[in-house]
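Tertiary structure, described
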Amino acid sequence: MIRQRQQPTAHDSLSSRAIDELYMRRCLQLAYNGLHNAKPNPMVGAVIVAADGRIIGEGYHVRCGQAHAEVNAFASVRPADEPLLRGATLYVSLEPCSHWGKTPPCADLIVSKKVRRVVCGCVDPFAQVQGRGIQRIREAGIEVTVGVLERECLELNRKFIAVNTAKRPYIILKWAETKNHKMNRQTGEASLPGLSAIAAPDRCVTRHEDAATAVCPSPLSAACQGGGEVTAPALLPRREPLPISTPFTKMLVHKLRAENDAILVGHETVNTDHPQLNIREWSGRDPERIVLAHSTEGMPAWFKCFSDIDTMLSYLRMRRHQSLIVEGGAITLQGFIDRGLWDEIRVETAPFVVAHGVEAPHIPAEACLDRQWYFDGNIICRYLRDKSLTFSSPCDCCR
């Protein structure tokens, strides 16, 4: 009898570690689908792989209170593939739960399915889990591997982790500044040509550090034909907002808001800039809008007012909010930095300068540069406080 030679598979040239990472990346892709609806639960993805390397089931945690990723993955297995489970490997981006909540323990389900092996991306920091799910599965005689793409799995649920370890929401500080670290023009400062050039490219762009005169590199403005020097106009009677973001980076700001639960500014920002803080240039739900103010007088009705940071954080915790964006102004941002109340800092820097303006906060010494993106001449830098989550290679702007 002549045996037919088995066809080579993609796995033949990969190490076991590389194979584990391959399927764990699929778990992360699936988990990200729960970005908006899984919270306050973590985002989790699961993949079931048969002994021959074929994916026979996969799922993710769609919504809080509904089935977990492992349950959905097992439910997706076709009846014809059920016998393959005994030789299969279950990949899951977060340790399976071991306790009764709104759903039964996933660890018990995994044991009942008698899979050969389980691969976990990271341990669940939730107090009722913290290794108990892994222990339960191992006690049943199932091989368990932990820590595959651990850094990526931890980063995916960094907000969930902050709530369960720091006992507060994950805090993102965000601001935009000029090349010389100014956030706004001060009251009475001259309005230099070109500061709105990003939004209106038919205006000239100034890149000179002198407030009185500015060299115009562009012939677009009639006042600047020939590329000569232009004199700054008269002083403004009040502060004028300084346009730093481009239309595209402004859209990314709205995307960031849609991905987080609450957003905060100081009362001076509300009084001078009148921000809406919604997601009108993206889709999803508006974050809860918060202002630090001693009085509600003059505050728009859509703002929730708090007189101090501690009371505000207690409120967010009570509301089970996992994340907070702090957008300004400079004093408010610096207050969070001084108290160490931050996990991530995002700074957008435009390539022009202004002579006099509100100084942007200083990046804390413990901040680690994680990623940089370049859009329309502006640079967006993301800093993380937790060094274990920083990446040396660039990533897409979806996170």
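Residues numbered from 1 in each chain as written. Predicted model: local features only at pLDDT ≥ 70, side-chain atom pairs only at ≥ 80, totals over all residues. Heavy atoms only, no water.

Counting its regular elements, the protein chain contains 10 helices and 17 strands. The buried share among the 399 residues of the protein chain stands at 51%. In the protein chain, the proportion of contacts linking residues at least 24 apart, taken out of those at least 6 apart, comes to 71%. With the model as given, the accessible surface of the protein chain reaches about 19,500 Å², and the carbon-plus-sulfur share is 52%. (Helix = DSSP H or I, 4+ residues; strand = E, 2+ residues; numbered from the N terminus. Buried < 20%, exposed > 50% of the residue type's maximum accessible area, 1.4 Å probe, protein only. Contact = heavy atoms within 4.5 Å. Areas by Shrake-Rupley, 256 points an atom, 1.4 Å probe, with all protein chains shown as cover.)

Quick look at the confidence of the model for the protein chain now. Chain-level statistics for the protein chain give a pLDDT mean of 83 and a share of 79% at 70 or above. Low pLDDT (under 50) marks residues 1–8, which in the prediction has zero contacts with non-local residues, meaning those over four places away or in another chain. Contacts of residues 392–399 to residues separated by more than four positions or lying in other chains number 16 contacts, the stretch itself having pLDDT below 50. (pLDDT = per-residue confidence, 0-100.)

Now for the sheet that holds strand S2 (residues 55–60). Adjacent strands of a sheet form backbone hydrogen bonds with each other and so pair up, either parallel or antiparallel. Reading across from one edge, S2-S1-S3-S4-S5 is the order of the five strands in this open sheet, with mixed pairing throughout. A single partner strand is all that each edge strand has here, and the edge strands are S2 and strand S5 (143–146). Strand-to-strand twist of the sheet, defined as the mean angle between neighbouring strand axes without regard to direction, takes the value 15°. Both strand S1 (residues 45–49) and S2 contribute to a ladder of five bridges, which runs antiparallel. Opposite Ile48, over in S2, you have Gly57 as the bridge partner. With respect to the sheet, helix H1 (residues 16–31) is in contact with S1, S2, strand S3 (89–92) and strand S4 (117–120), its orientation differing from that of S1 by roughly 140°. (Pairing = 2+ DSSP bridges. Axes fitted to C-alpha atoms, helices over the stretch in contact; angles between N-to-C directions.)

This paragraph deals with the environment of Glu21. Among the structural elements, Glu21 can be located in helix H1. Among residues more than four places away in sequence, those in contact with Glu21 are Val148 and Leu149.

Okay, the nonpolar core next. The tendency in soluble globular proteins is for nonpolar side chains to be buried side by side. If you look at the biggest cluster of nonpolar residues, it comprises 43 residues, and the most contacted ones within it are Met24, Ile48, Tyr91, Ile110 and Val118. At the level of secondary structure, the elements contributing two or more residues to this core comprise H1, S1, helix H2 (69–75), S3, helix H3 (106–113), S4, helix H4 (132–139) and helix H5 (150–156). Among the elements that make up this core, the one with the highest residue count is H1 (seven residues). Those residues in contact with Val118 that sit more than four places away from it in its chain are Leu90, Val92, Ile110, Ile137, Ile142, Glu143, Val144 and Thr145. Membership of the second largest hydrophobic core comes to 28 residues, among which are Leu173, Leu316, Leu324 and Ile345. (Core = buried A, V, L, I, M, F, W, Y, C linked by side-chain atoms within 4.5 Å.)

Turning our attention to H3. Along H3, the residues that are buried comprise Cys106, Ala107, Ile110 and Val111. The buried residues of H3 occupy one face: seen down the axis, they fall within an arc of 140°. Those residues of H3 that are buried lie in contact with H2, S3, S4 and H4. Just downstream of H3 lies Lys114, where phi reads positive at about 60°. (Arc of directions from axis to C-beta.)

Attention now goes to the layout of surface pockets. In this structure, the largest pocket occupies an estimated 1,400 Å³ of space. If you trace the largest pocket, you find 45 residues lining it, with Asn184, Thr269, Asp273, Pro275 and Glu327 closest to the centre. When contributions to the lining of the largest pocket are tallied by element, the ones reaching two or more residues are strand S6 (170–177), strand S7 (182–185), helix H7 (247–258), strand S10 (262–266), helix H8 (267–273), strand S13 (323–328) and helix H10 (330–338). Looking at side-chain class alone, the lining of the largest pocket contains 21 nonpolar, 15 polar and nine charged residues. There is about 680 Å³ of room inside the second largest pocket. Lining the second largest pocket are 33 residues; nearest its centre among them are Pro40, Asn41, Pro42, Phe126 and Phe160. Of all the elements in the fold, those that place two or more residues in the lining of the second largest pocket are H2 and helix H6 (158–165). It is H6 that provides the largest number of residues to the lining of the second largest pocket, a total of three residues. Class assignment of the residues belonging to the lining of the second largest pocket gives a composition of 13 nonpolar, 12 polar and eight charged. (1 Å grid on protein atoms, 1.4 Å probe; cavity = no way out; pocket = protein on both sides within 12 Å on 5 of 7 lines; lining within 4 Å. Points joined across faces, edges and corners; volume = space filled by probe spheres on them. Nonpolar A, V, L, I, M, F, W, Y, C, P; charged D, E, K, R; others polar.)

The next subject is the packing of aromatic side chains. Under the criterion given, the structure shown has four aromatic pairs. Consider the rings of Tyr23 and Tyr91, whose centres lie 5.2 Å apart with planes at 40°: the pair is tilted. With Tyr23 in helix H1 and Tyr91 in strand S3, this residue pair connects regions lying 68 residues apart in the sequence. Residue Tyr23 is classed as buried on the basis of its relative accessible area of 6%. For Tyr91, a relative accessible area of 3% translates into the label buried. Geometrically, the ring pair formed by Phe248 and Phe375 is tilted, given 5.0 Å between the ring centres and 55° between the ring planes. On the criterion of sequence distance, the pair formed by Phe248 in helix H7 and Phe375 in strand S16 (residues 368–375) is long-range, its members being 127 residues apart. Under the relative-accessibility criterion, Phe248 is labelled partly exposed at 34%. For Phe375, a relative accessible area of 17% puts it in the buried group. (Phe/Tyr/Trp six-rings, centres within 6.5 Å; stacked < 30°, edge-to-face > 60°.)

Bringing the side chain of Asp81 into the picture now. Residue placement: Asp81 occurs in the loop between H2 and S3. Overall, the relative accessible area of 5% leaves Asp81 in the buried class. At a separation of 3.4 Å, a polar atom in the side chain of Asp81 contacts the side chain of Arg54. Sequence-distant contacts of Asp81, defined by excluding residues within four places in its chain, comprise Arg54 and Ile56. (Polar contact = N/O pair within 3.5 Å; in protein donor to acceptor, adjacent residues only side chain to side chain.)

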